[in-house]
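Here's the letter readout for the chains.
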Amino acid sequence: MIAKKIIILACLFLVSNFILHPQQEVVMSIKEGMPLIHVAIPKFSVKDTSPEAKDAADILYKVISDDLKYSRVFSPLPKNYYNYIKPLDPDKILFNDWESIQAKLLIVGQVSKQDDKTIQFEAKFYDVKSERFIRGKTYQAEKSILRLAAHKFSNLMMETYGEPQIFTTKVVFISNRDGNNELYMMDYDGHNQTRLTFNREKDYMPAWSTDGKSIAYTEFKGGNARLYIYNPFEGKRKLVFDRGTSFGPCFSPDSKKLAFCSTEDESNSEIYAARSDGTNIKRLTFNKSADVSPSWSPNCREIAFTSDRSGSPQIYIMDAEGSNIRRRSFGGNYHDSPSWSPTGDMIVYVSRVQAVFDLYILNLRTDEIIKLTEGYARNESPGWSPDGRHIIFSSNRIGTIQLYSIDYDGANLKRLTSKGQNKLPDWARN
Amino acid sequence: MKKILILSLSCFLVIAFFASCRKKVEETPPPPQVKEQPKLEKVEKPPVKEPILTEDEIFAKKSLEELNAEKPMMVILFDYDKFFIREDAKPILQNNADWMKKWETVKILIEGHCDERGTEDYNMALGEKRAKSAFDYLLSLGISSDRIKTISYGKSQPVDPGHNEIAWQNNRRDQFAIIEK
């Protein structure tokens, strides 16, 4: 039944695409991922009877459950499964019970009040089948940053399975919620939205440095569009380029280089690369067409970008020195904003058809294209999560421009912002 | 007739002479007490002659903000996705060039803008191309290149917040800002 539905949907999809892009061959592929690891997360026990510890246990439980559900690595068991077995006794775990409800891993958490401000959270996880303790940690955190403690434990689980620790990474973006386009930062899940700049100038197109400590961005001020590198944690700022309109920065994954665009030569946008501190600027593209939106390959040997050298904006790849340029998007007449996946095999980009923007993923190995978003809206500015399983982007589907995340296969669409208009997200690698 | 006139005049003179003599002899009565009524004078601001400023002096007096608020250089509009100078923009650019020729010290910034129906990235390049088109056109009309700077704002600064054809047309534009005079 489900298979039939998928076929019908796929047919509809293919037909609709044939109508919209007569020349574009669209092949849908359902990527076979690793099987999800089923995790049992019984409610965390509270060692003392303080209401603080109880509230903290609820928060920690919720954050860890949400993290693991989002991970596409782990899968928390449905809650009703727990009704079939005895409640957990942390001192005497009946692993057979947990195995009977198909848990591979069991998380045991205990929460207590350390003092008026601080909560102690002891978290462990076990392999159910072998009845073995795998890893654990005791976290002490002030009540205001309990979410961070929970994310750290989720990271510990990811690390154990060789996965990038994405749950403490931050997203930088532009918001006008306070009346002016300023830089903001938030957790990957949309919590802790924090304003970073108070300059009353218009800020634009931010990008994290590879270590997640600095942000390159454009500031529109006094008739200039200058590119800066700003460290919001130390409050230091450095000018990178002040000629022409400079924009669209992207740091290389090896943290050595910074690619960006500038219109300094005859008002034509070209791609430049500097050292990651902004020095030693070299021009990479030389032609009369517009070249924008550079994005490094994970091995830093290539750069994907947009160029209108064929007459319309299309996606190209060049070697990191600017040579060996080849076109990678065909059909359709408007493709832009490529972002190379950290796994190296995919490029997500925006395609415009009759003023509707949707995100597509190009598989570089198979040349297959997957349409990621659907909806009569402008979905744009896509960027990858550090593990390549999720994509953050902006969309005006609810009327205002907001940030969303979606998985690489189109699952789990989730809105992350709601105040003002929010756009141009960039997800830190660290 | 003449005799009569002379006679009567001399009679009059004689009578007048006597009358005046009598007056001197008699004591004059004190003048009647009359309430004093000073003459009214309206006090007005002394008329100051307004100095007649020349156009140059008026221009020199204005700040850049005041000057820009008057929008002496008009906006030009573009077609969707395009950056060529439309026929309806040519007379506007001619006026802008004339104004720049009149005020030879003026330096301007041409801001290229786009509508929301292009992507953030590509619109930055397109906005700059729109600014460059106006730059080239002004050059062809004899304006020196060192008086003009260009910038692109992409679609980040729409002038019309709407989401319809009219708003999109209004937003696909070059604005001319005076940055020096």
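Heads up: the structure comes first, above all this text.
In this report, we go over the structure that sits alongside the text. (Residues numbered from 1 in each chain as written. Chains lettered and ligands numbered in written order. Predicted model: local features only at pLDDT ≥ 70, side-chain atom pairs only at ≥ 80, totals over all residues. Heavy atoms only, no water.)

All right, on to the nonpolar core then. All names here are of chain A. In this structure, Phe44, Trp98, Ile107 and Phe153 are the most contacted members of the largest nonpolar core, which totals 55 residues. Residue contributions to this core peak at nine residues, all from helix α2 (residues 51-71). Mapped onto the domain boundaries, this core takes at least three residues apiece from domain 2 (37-160) and domain 3 (169-427). Residues contacting phenylalanine 44, with those up to four places away along its chain left out, are Ala57, Leu60, Tyr61, Ile64, Ile107, Gly109, Val111 and Phe121. (Core = buried A, V, L, I, M, F, W, Y, C linked by side-chain atoms within 4.5 Å. Buried < 20%, exposed > 50% of the residue type's maximum accessible area, 1.4 Å probe, protein only. Helix = DSSP H or I, 4+ residues; strand = E, 2+ residues; numbered from the N terminus. Domains from an automatic or database assignment. Contact = heavy atoms within 4.5 Å.)

Quick look at the environment of arginine 397 of chain A now. Residue and element names in this part refer to chain A. Residue placement: arginine 397 occurs in the loop between β27 (390-395) and β28 (402-407). You can call arginine 397 partly exposed: its relative accessible area is 29%. Separated by 20 residues in sequence, arginine 397 and alanine 377 place their C-alpha atoms 5.0 Å apart. When neighbours within four sequence positions are excluded, arginine 397 is seen to be in contact with Thr373, Glu374, Ala377, Asn379, Tyr404 and Leu413. Of the polar contacts made by the side chain of arginine 397, one reaches the side chain of asparagine 379; its length is 2.7 Å. Within the structure, the side chain of arginine 397 is placed 3.0 Å from the side chain of serine 395, a separation counted as a polar contact. (Polar contact = N/O pair within 3.5 Å; in protein donor to acceptor, adjacent residues only side chain to side chain.)

Regular strands place side chains that alternate from one sheet face to the opposite one. Residues and elements named next belong to chain B. One ladder, built from two bridges, connects strand β1 (residues 76-77) with strand β4 (residues 173-180); its direction is antiparallel. For isoleucine 76, the partnering residue across the bridge sits in β4 and is aspartate 174. Summarising the sheet, strand β2 (residues 107-113) and β4 pair through six bridges and their orientation is antiparallel. If you follow glycine 112 over to β4, its bridge partner there is aspartate 174. (Pairing = 2+ DSSP bridges.)

The strands that make up a sheet are held in pairs by hydrogen bonds between backbone atoms, and each pair lies either parallel or antiparallel. Residue and element names in this part refer to chain A. Reading across the sheet, the four strands line up as β14-β15-β16-β17 and stay open at both edges, with antiparallel pairing between neighbours. The outermost strands of the open sheet, each flanked by one partner alone, are β14 (246-251) and β17 (282-283). When β14 meets strand β15 (residues 257-262), the two strands line up antiparallel, connected through four bridges. Within β15, the residue paired with phenylalanine 247 across the bridge is cysteine 261.

Together, Lys256, Lys257, Arg275 and Lys282 of chain A make up a positively charged patch on the protein surface. Within the element layout of this structure, lysine 256 of chain A appears in the loop between β14 and β15. (Patch = residues over 30% accessible without salt bridge, like charges linked within 9 Å, V, L, I, M, F, W, Y side chains within 5 Å. Areas by Shrake-Rupley, 256 points an atom, 1.4 Å probe, with all protein chains shown as cover. Salt bridge = Lys/Arg side-chain N within 4 Å of Asp/Glu carboxyl O. Lys, Arg positive; Asp, Glu negative; His and termini not counted. Charge placed at Lys NZ, Arg CZ, Asp CG, Glu CD.)

Despite not being glycine, methionine 205 of chain A has its phi angle at roughly 50°, a positive value. Within the secondary structure, methionine 205 of chain A is located in strand β10 (residues 202-208). Relative accessible area serves as the criterion here: at 5%, methionine 205 of chain A is assigned to the buried category. You will see that lysine 71 of chain B, though not glycine, has its phi angle at about 50°, which is positive. Here lysine 71 of chain B shows up in the loop between α3 (64-69) and β1.

In this section: the interface of chain A and chain B. Chain A puts 32 residues into the contact, and the matching count from chain B is 24 residues. Surface buried jointly by chain A and chain B totals about 2500 Å² across both partners, of which 53% is contributed by carbon and sulfur atoms. Put simply, chain A and chain B have five salt bridges between them. Lysine 155 of chain B is paired through a salt bridge with glutamate 380 of chain A; the nearest N and O atoms lie 2.5 Å apart. Inspection of the region where chain A meets chain B yields 20 residue pairs in polar contact (both at pLDDT 80 or more). Of all the secondary-structure elements, those providing two or more residues to the side of chain A that touches chain B are β10, β12 (224-231), β18 (291-296), β22 (335-340), β23 (346-353), β26 (379-384) and β30 (422-427) of chain A. Here the side of chain A that touches chain B gets three residues from one element, more than from any other, and that element is β10 of chain A. (Buried area = accessible area lost by both parts, 1.4 Å probe.)

Residues and elements named next belong to chain A. The residue glutamate 219 is located in strand β11 (residues 215-221) in this model. According to the relative accessible area criterion, glutamate 219 is buried, its value standing at 3%. For glutamate 219, the contacting residues outside a window of four places in its chain are Asn199, Glu201, Lys202, Asp203, Asn224, Ala225, Arg226, Tyr228 and Arg237.

Time to look at the sheet that holds strand β3 (residues 148-154) of chain B. All names here are of chain B. In spatial order, the strands read β1-β4-β2-β3; together these four strands make up an open sheet with mixed pairing. Edge positions in the sheet fall to β1 and β3, since each of these pairs with one other strand and no more. Strand contacts of helix α4 (residues 90-102): β1, β2, β3 and β4, with the helix running at about 5° to β4, the strand carrying the most contacts. Sheet strands touched by helix α5 (residues 120-140): β1, β2, β3 and β4. Its angle to β3, the strand with the most contacts, is close to 155°. (Axes fitted to C-alpha atoms, helices over the stretch in contact; angles between N-to-C directions.)

Let us look at the pattern of salt bridges. Under the definition given, this model contains 41 salt bridges over all chains. Between aspartate 367 of chain A and arginine 328 of chain A there is a salt bridge; the shortest N-O distance is 2.4 Å. On the criterion of sequence distance, the pair formed by aspartate 367 of chain A in the loop between β24 (356-363) and β25 (369-371) and arginine 328 of chain A in the loop between β21 (326-327) and β22 is long-range, its members being 39 residues apart. Across the pair aspartate 115 of chain B and arginine 172 of chain B runs a salt bridge, and its minimum N-O distance is 2.8 Å. Of this pair, aspartate 115 of chain B sits in the loop between β2 and α5 while arginine 172 of chain B sits in the loop between α6 (165-171) and β4, placing them 57 residues apart in sequence. Classification of aspartate 115 of chain B as buried rests on a relative accessible area of 3%.

Another point: α4 of chain B. Residues and elements named next belong to chain B. With 13 residues, α4 extends 18 Å between its outermost C-alpha atoms, agreeing within 8% with the 18 Å of an ideal straight helix rising 1.5 Å per residue. By the burial criterion, the buried members of α4 are Ile92, Leu93, Asn96, Ala97, Trp99 and Met100. Projected onto a plane normal to the axis of α4, the buried residues spread over an arc of 160° and lie on a single side. (Expected span 1.5 Å × (residues − 1). Arc of directions from axis to C-beta.)

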